[in-house]
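# Understanding the architecture of this molecule
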Protein chains: 2
Amino acid sequence: MSDCEACVVRNRAICSALLPDELAILSKLGRKQHVSRGQTLVWEGDEALVVANVISGVLKLSVSTADGREQIVGVVFPSDFIGRPFGKESSYSVTALTDAHVCIFTRAAFDGFAKEHPDLQHKLLQRTLDELDRARQWMMLLGRKTASERVATLLLEISNRMGSTSCTQILPFLDEFELPLDRQQMGDVLGLTIETVSRQLTKLKEANMISLPDRRSVVIKDRHRLQDLALAA
Amino acid sequence: MSDCEACVVRNRAICSALLPDELAILSKLGRKQHVSRGQTLVWEGDEALVVANVISGVLKLSVSTADGREQIVGVVFPSDFIGRPFGKESSYSVTALTDAHVCIFTRAAFDGFAKEHPDLQHKLLQRTLDELDRARQWMMLLGRKTASERVATLLLEISNRMGSTSCTQILPFLDEFELPLDRQQMGDVLGLTIETVSRQLTKLKEANMISLPDRRSVVIKDRHRLQDLALAA
DNA sequence: TGCCGATTTTGATCTGCGTCAAATGAATCG
DNA sequence: CGATTCATTTGACGCAGATCAAAATCGGCA
């Protein structure tokens, strides 16, 4: 793999737990790979043979039923970690929502390296704990929030996640951003249909909380009111 | 704390990662505590000051909205780990569903010990990854499954979890068991109302997939059909 | 610039589950 | 052992969001 020291996510990915010489060893185990929008990196139910760091782009983690219903169970951004180290088949598919670059490892190679590097495992544990907290917050959304609360929550969540990984790095969130998801995918994250998502967006627009310059863009015009709605107060 | 070597969950809890002399040190940091049914160990939003292992009993992890809606985001059984090590406030409450015994540590003491014991952190990482997989499967349930599919899934899940922690230890699941949840709590796990849960149970009973000897007992009479329903095929 | 296919929005209608209310059953206690 | 209380079930009805259908809008490309 090319130079890790120059990697744009060097300081945010789990690699930040490593010293330069350790990083050099790890870099030999992985390789940089391009993933095109729509391409699936890991299939639900397959043995998880690879893990990866996201360098650029956005990917979804999704679960499907036999009859074709889909639920997106996670969205990963640059510097996030993908995959299931230490055994087990993957319980979800990983698919690129935008063109992406990932830094990919075979699970066997990564596991072996991780065993020898407690600091890396510590970083991974913290990340996994954070991810679990996020998943649980989302369970509240899916189990108990109304459609408008769900859509408001998603917009704020994306605003926050995109902000913290934006090039500027300074803003905690962005008031204007491009959605990495289309309407169908927003429905799949929120447990709603495409029509309901569309209707709720129109309502938020009419209530002057947001505007929608084009189908992929969102401008948050009244963050405060959007937050009140999202919190389900 | 009393003798860890004799602990009933010694071989299943994260402590199994430790050697006898390490265990002796850890045991000095914690203490055994009784928690009565209904008692809350950790409050949502509070700084997470304790972590614990469950020795006996069942506890729920729950999230609430300002206006009183509740979602149960996890149910923990004997040998499971509770809490959020390494900083952060707790994003959920922990409350006993039955009388319970836990082996409790201050977070500071546990964090310090864990830092020195990579094997413990490794165990904790695996457990957290498993928990995350379970949470994501539950997101599919909450986002996309119908009421009857949800109830079927819950019954099978409890059957499995209770089986693997039962005294016999041999069975992968139990066909007869006591529910640790009442109807309201089942609704709170499933994102349904108490009435819907009750109606679906009646339907499953009428379809001869289960029987309900009393309000807390369930007998699975046709696991195969129940599984088909749960899988949403 | 104007056409074509895909995405999104909007409209009309339906339905699964929620809400409200009452009846039944099971546990506790004097 | 009957009275009280709480949990659960059952019934009637309403509504948020799903479904089905059509119109509008956007993006790409010749």
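Note that the structure is predicted; figures quoted are calculated from it, not measured. (Residues numbered from 1 in each chain as written. Chains lettered and ligands numbered in written order. Predicted model: local features only at pLDDT ≥ 70, side-chain atom pairs only at ≥ 80, totals over all residues. Heavy atoms only, no water.)

### Remarks on the nonpolar core
Membership of the largest hydrophobic core comes to 108 residues, with the highest contact counts inside it found for Leu59(A), Leu155(A), Leu226(A), Leu155(B) and Leu226(B). If sequence neighbours within four positions are ignored, Leu155(A) has contacts with Phe177(A), Leu179(A), Met186(A), Leu201(A), Leu204(A), Ile210(A), Val218(A), Ile220(A) and Leu226(A). Listed in part, the 42 residues of the second largest apolar core include Ile55(A), Ala114(A), Ala13(B) and Phe81(B). (Core = buried A, V, L, I, M, F, W, Y, C linked by side-chain atoms within 4.5 Å. Buried < 20%, exposed > 50% of the residue type's maximum accessible area, 1.4 Å probe, protein only. Contact = heavy atoms within 4.5 Å.)

### So, the domain arrangement of chain A
All names here are of chain A. Taken domain by domain, chain A consists of domain 1 (4–131) and domain 2 (145–231). Centre-to-centre, using C-alpha coordinates, domain 1 lies 26 Å away from domain 2. On the domain 2 side, the residues contacting the 13 residues of domain 1 number twelve residues. The largest per-residue losses of area from domain 1 upon contact with domain 2 belong to Arg-12, Ile-72 and Phe-77, which jointly make up 45% of the total buried on that side. (Domains from an automatic or database assignment. Buried area = accessible area lost by both parts, 1.4 Å probe.)

### Here we look at the packing of helix α2 (residues 107–115) of chain A against helix α3 (residues 118–144) of chain A
All names here are of chain A. Two elements in contact, α2 and α3, have axes separated by 6 Å at closest approach and are oriented at 110°. By the angle class used here, α2 and α3 are roughly perpendicular. When α2 is examined against α3, the residues Phe-110, Phe-113, Ala-114 and Lys-115 are found in contact with a partner set consisting of Pro-118, Leu-120, Gln-121 and Leu-124. The residue makeup of the contact of α2 with α3, split by class, is six nonpolar, one polar and one charged. (Axes fitted to C-alpha atoms, helices over the stretch in contact; angles between N-to-C directions. Helix = DSSP H or I, 4+ residues; strand = E, 2+ residues; numbered from the N terminus. Parallel < 35°, antiparallel > 145°, perpendicular 65-115°, else oblique. Nonpolar A, V, L, I, M, F, W, Y, C, P; charged D, E, K, R; others polar.)

### So, the protein's contact with DNA strand D
Lining the immediate surroundings of DNA strand D are 16 residues, of which Ala147(A), Thr196(A), Arg215(A), Ser198(B) and Arg215(B) lie closest. At the protein interface, 65% of the atoms of DNA strand D within 4 Å belong to sugar or phosphate. One nitrogen or oxygen atom from the main chain of Ala147(A) is found 2.8 Å from a phosphate oxygen belonging to DNA strand D. In this structure, a phosphate oxygen belonging to DNA strand D sits 2.9 Å away from a side-chain N or O atom of Arg183(B). Counting residues per element, the ones that place at least two in the surface near DNA strand D are α6 (194–206) of chain A together with α6 (194–206) of chain B. For the surface near DNA strand D, the element with the highest residue contribution is α6(B), accounting for four residues. Classifying every residue of the surface near DNA strand D gives two nonpolar, six polar and eight charged. (Near = heavy atom within 4 Å. Polar contact = N/O pair within 3.5 Å; in protein donor to acceptor, adjacent residues only side chain to side chain.)

### Section: the relation of the copies chain B and chain A
The operation relating the two chain copies consists of a rotation about an axis and a shift along that axis. Of the transformation placing chain B onto chain A, the axial shift is 0.0 Å and the rotation is 180°, giving an RMSD of 0.0 Å. Considering both components of the superposition, the chain copies are consistent with a two-fold axis. Most of the interface of chain B is mirrored in chain A, where 100% of its interface residues again form contacts. (Least-squares fit on C-alpha atoms with pLDDT ≥ 70 in both.)

### Topic: helix α3 (residues 118–144) of chain B
Between its first and last C-alpha, α3(B) extends 39 Å over 27 residues, near the 39 Å set by a 1.5 Å rise per residue. Counting buried residues along α3(B), 19 of its 27 residues qualify, which places the element largely inside the surrounding structure. (Expected span 1.5 Å × (residues − 1).)

### Some thoughts on the layout of surface pockets
Taken as a whole, the largest pocket encloses approximately 1500 Å³ of empty space. Counting only elements with at least two residues in the lining of the largest pocket, the list comes to β6 (81–82), α3, α4 (147–164) and α7 (223–231) of chain A together with β4 (59–64) and α3 of chain B. The element best represented in the lining of the largest pocket is α3(A), accounting for twelve residues. Volume-wise, the second largest pocket comes out at about 790 Å³. (1 Å grid on protein atoms, 1.4 Å probe; cavity = no way out; pocket = protein on both sides within 12 Å on 5 of 7 lines; lining within 4 Å. Points joined across faces, edges and corners; volume = space filled by probe spheres on them.)

### Section: helix α2 (residues 107–116) of chain B
Along α2(B), the positions that sit buried rather than exposed are Arg107(B), Phe110(B), Asp111(B), Phe113(B) and Ala114(B). Buried residues along α2(B) sit in contact with α1 (20–29), β3 (50–56), β6 (81–82), β8 (100–106) and α3 of chain B.

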